[in-house]
Amino acid sequence: MRNKGGKGLSLARRLYTSRTLGLVLGLLCVSAAMYPLDPPLWVWALMLFNGLLWPHLAFQWARRSSVPYHAEHRNLLVDAFMGGFWVAAMHFNPLPSATTISMMAMNNVAIGGLRFLAAGLAAQILGIGVGLVVFAPAFIPQTSPLQLYACLPLLMLYPLALGWICFRQAYTLGLHKRELLALSRTDSLTGLLNHGAWKDQLEIEFQRCRRQQQGAAIALIDIDHFKAINDTYGHVAGDIVLRQLSKMLKQNLRAADVAGRYGGDEFCVILPDLPLFNAAQAMEALRERFATLGYEQNPALKVSLSIGLAAYDPAHGDATRWLNDADQALYEAKASGRNRVICNSDDRPKREVLDSV
């Protein structure tokens, strides 16, 4: 219900602006058509009410309603009914009548599509029927020059205003869509790419390397004994460690590098256009900096990293093979004592090892 209400209030605010402008311009159009007919005073009073007071009353009705969305749809049907009523009152004067009907139809289809267009058309027909009962049925086949000029502001300004409102709405929806897409690709704790998003980037980098015949490296990073950190210091401390590592990755990597949280306490980095040796140096510097970090809440807490690196190899059949090489290097880093960087080099039997002394 809150979502429906929020949507209705937003709709009511948008329509308040367009309704106010449209009915003021419509008042000018209808008045020019009604003046030669010498209508009674109550008709002038109804025109002034419909053109000047109804937009504000309709907005307050929607704003104070328990379901503003439904109230605003009722307001739109009232608009359509009154439009049909004035068409009959003008004795179907061609240009003012066509202008009134088309502007109402444009508004309804913009708000609710073809279904609401049909509902608005039914309300207009009902309004025409009531108008024929109130006023003697007649038809004025010609539009005077004055009536033509009175219709021009509505024909020119109202579509422009409605188009601008629709553009702003589409822009806002597009912005929200991009924000939701970014959130769906981001790990909420660390702010890095999540598992799926990072693997998508890995596939893109793999195809780029294959297409341009250029090198790159990927790194898998594991926080040593992370379960023991959670068990000893608590999950809050564990989250702090994860955020510290993500912060350090953002601060120390190049703009072209792509970091993500692979899952749990494991992180991943794509290092485009970087030879394996240089990538190893960068990861070793990261490992050393991270090992020196202190934690005010837990002074005794010391954390180290195990890192596995793999270079792009043209012999890889797909990105998964490349990732498997990095995973194997990480496995060896942990198996050989942790707190070190191990590279899965192009020479398969040979391993480059960088560890702390």
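Parameters at a glance
- Residues numbered from 1 in each chain as written.
- Predicted model: local features only at pLDDT ≥ 70, side-chain atom pairs only at ≥ 80, totals over all residues.
- Heavy atoms only, no water.
- UniProt positions renumbered as here; feature names shortened; annotations may be inferred.
- Helix = DSSP H or I, 4+ residues; strand = E, 2+ residues; numbered from the N terminus.
- Buried < 20%, exposed > 50% of the residue type's maximum accessible area, 1.4 Å probe, protein only.
- Pairing = 2+ DSSP bridges.
- Polar contact = N/O pair within 3.5 Å; in protein donor to acceptor, adjacent residues only side chain to side chain.
- Contact = heavy atoms within 4.5 Å.
- Salt bridge = Lys/Arg side-chain N within 4 Å of Asp/Glu carboxyl O.

Draft legend 1. Geometry of the UniProt feature "transmembrane region" (unreviewed entry) in the protein chain. As recorded in UniProt, the feature "transmembrane region" (unreviewed entry) lies at residues 42-59, 116-140 and 146-167. Secondary structure content for residues 116-140 is 76% helix and 0% strand, and the end C-alpha separation is 30 Å.

Draft legend 2. Region of the structure containing the pairing of strand S2 (residues 258-263). Of all 6 residues that make up S2, 5 are buried, and the element is covered over most of its length. Where S2 and strand S3 (residues 266-272) come together, 5 bridges link them in antiparallel fashion. Bridging from a neighbouring strand, Arg-261 pairs with Phe-267 of S3. Hairpin connection from S2 to S3: 2 residues lie between these consecutive antiparallel strands, with Gly-264 at a positive phi of about 60°.

Draft legend 3. The side chain of Thr-190, seen in detail. Looking at the secondary structure, you find Thr-190 in the loop between helix H5 (145-184) and helix H6 (195-212). A polar side-chain atom of Thr-190 sits 3.3 Å from the main-chain amide nitrogen of Leu-192. When neighbours within four sequence positions are excluded, Thr-190 is seen to be in contact with Leu-242, Ser-246, Lys-250, Arg-261 and Phe-267.

Draft legend 4. Spatial organisation of the pattern of salt bridges. Here the structure, examined in full by the defined rule, presents 10 salt bridges. Between Glu-205 and Arg-208 there is a salt bridge whose closest N-O contact spans 2.7 Å. One end of the pair, Glu-205, and the other, Arg-208, are both in helix H6, 3 residues apart, so they sit about a helical turn from each other. For the pair formed by Glu-205 and Arg-208, the shared burial category is buried. Taking the shortest distance from any N to any O, the salt bridge between Arg-287 and Glu-284 comes out at 2.5 Å. Taken together, the residues Arg-287 and Glu-284, both in helix H9 (residues 276-291) and 3 residues apart, mark about one turn of the helix. This pair shows no difference in class: Arg-287 is buried, exactly as Glu-284 is. Through salt bridges with shared partners, a single network forms among Arg-19, Glu-72 and Asp-79.

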